[in-house]
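Descriptive analysis of the structure
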Amino acid sequence: SQKIEQNSEALNIQEGKTATLTCNYTNYSPAYLQWYRQDPGRGPVFLLLIRENEKEKRKERLKVTFDTTLKQSLFHITASQPADSATYLCALVGTGGFKTIFGAGTRLFVKA
Amino acid sequence: DARVTQTPRHKVTEMGQEVTMRCQPILGHNTVFWYRQTMMQGLELLAYFRNRAPLDDSGMPKDRFSAEMPDATLATLKIQPSEPRDSAVYFCASGLARLRTEAFFGQGTRLTVV
């Protein structure tokens, strides 16, 4: 069955450092991979999308890589700030439609 | 500004009662998703609709859950009868299938079944 794995343990880093989050998947060939941010008590908010034929995407301090051979995406936040503390969710969008499935998320804490 | 609206925000009910959750997708969006989020399982896809027709509801327990879109501005998720294990946050999201870029989420309905 389709499976998406994200680091279940929280990631603690110091302000100013780069945070790197991992998303691995099996039994799936997504057309897109997305990253969302979720704050406590709120719904997820879209951050970035990368297509299957793209290796890397950047947006301000965010960078996403996508390796379809390894079935893995890495999500980087450079020059991290305490305001970046949140849960980050990886999502896969299927080729046949818009079916979007999510990983369980990784909690990030950025200490000042 | 455009947003997905879910009601109610919180619901506490007794086991065995019917629960109805409502969602107003963003105007013009033709795809609606229902997700359930728990600490143990994360964000699970229950069902999704395109142009009001159900495309996939394989994630939904069929015996007690039902999802419908009576019209383009309303999606409903019903649980009858509810059970304590249904306690979770239920999210609705909408998007444009043509773009397949992102899903816009509502604030969620926090359901507690006692």
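Anyway, here's the lowdown on the structure attached to this text. Computed from a predicted model, the values in this text were never measured in an experiment. (Residues numbered from 1 in each chain as written. Chains lettered and ligands numbered in written order. Predicted model: local features only at pLDDT ≥ 70, side-chain atom pairs only at ≥ 80, totals over all residues. Heavy atoms only, no water.)

The next point concerns the pattern of salt bridges. All names here are of chain A. Here the structure, examined in full by the defined rule, presents 11 salt bridges over all chains. The salt bridge involving Glu5 is made with Lys3; its shortest N-O contact spans 3.4 Å. By relative accessible area, which is 44% here, Glu5 ends up partly exposed. Judged by relative accessible area, Lys3 falls into the partly exposed class, the value being 45%. When the shortest N-O distance is used, the salt bridge between Glu54 and Lys57 registers 3.6 Å. (Salt bridge = Lys/Arg side-chain N within 4 Å of Asp/Glu carboxyl O. Buried < 20%, exposed > 50% of the residue type's maximum accessible area, 1.4 Å probe, protein only.)

Moving on: unusual backbone geometry. Leave glycine aside and you will find that most residues have negative phi; peptide bonds, for their part, are mostly trans. Omega for the peptide link from B:Thr7 to B:Pro8 comes to -10°, which places this bond in the cis form. When you line up the elements, B:Pro8 lands in the loop between strand S1 (5-7) and strand S2 (10-13). Cis geometry is adopted by the peptide bond preceding B:Pro81, which originates at B:Gln80 and carries an omega value of -5°. With respect to the helices, strands and loops of the structure, B:Pro81 is situated in the loop between strand S8 (74-79) and strand S9 (88-95). Its identity is not glycine, yet A:Asn27 carries a phi of approximately 55°, on the positive side. By the secondary structure assignment, A:Asn27 is in the loop between strand S3 (19-26) and strand S4 (32-38). Owing to a relative accessible area of 53%, A:Asn27 belongs among the exposed residues under this scheme. (Helix = DSSP H or I, 4+ residues; strand = E, 2+ residues; numbered from the N terminus.)

Below, the discussion takes up the interface of chain A and chain B. Contact residues are listed per partner, giving 22 residues for chain A and 24 residues for chain B. On the chain A side of the interface with chain B, the three residues burying the most area are A:Phe98, A:Lys99 and A:Phe102, jointly 36% of the side's total. On the surface where chain A and chain B come into contact, there are one salt bridge. A salt bridge links B:Asp56 to A:Lys99; the nearest nitrogen and oxygen atoms lie 2.8 Å apart. One can count six residue pairs in polar contact (both at pLDDT 80 or more) joining chain A with chain B. Counting only elements with at least two residues in the side of chain A that touches chain B, the list comes to S4, strand S5 (45-51), strand S9 (86-93) and strand S10 (100-102) of chain A. Counting residues per element, the side of chain A that touches chain B draws most heavily on S4(A), at four residues. Looking at the side of chain A that touches chain B, its residues break down into 12 nonpolar, eight polar and two charged. (Contact = heavy atoms within 4.5 Å. Buried area = accessible area lost by both parts, 1.4 Å probe. Polar contact = N/O pair within 3.5 Å; in protein donor to acceptor, adjacent residues only side chain to side chain. Nonpolar A, V, L, I, M, F, W, Y, C, P; charged D, E, K, R; others polar.)

Function-wise, these values are silent; they only describe arrangement.
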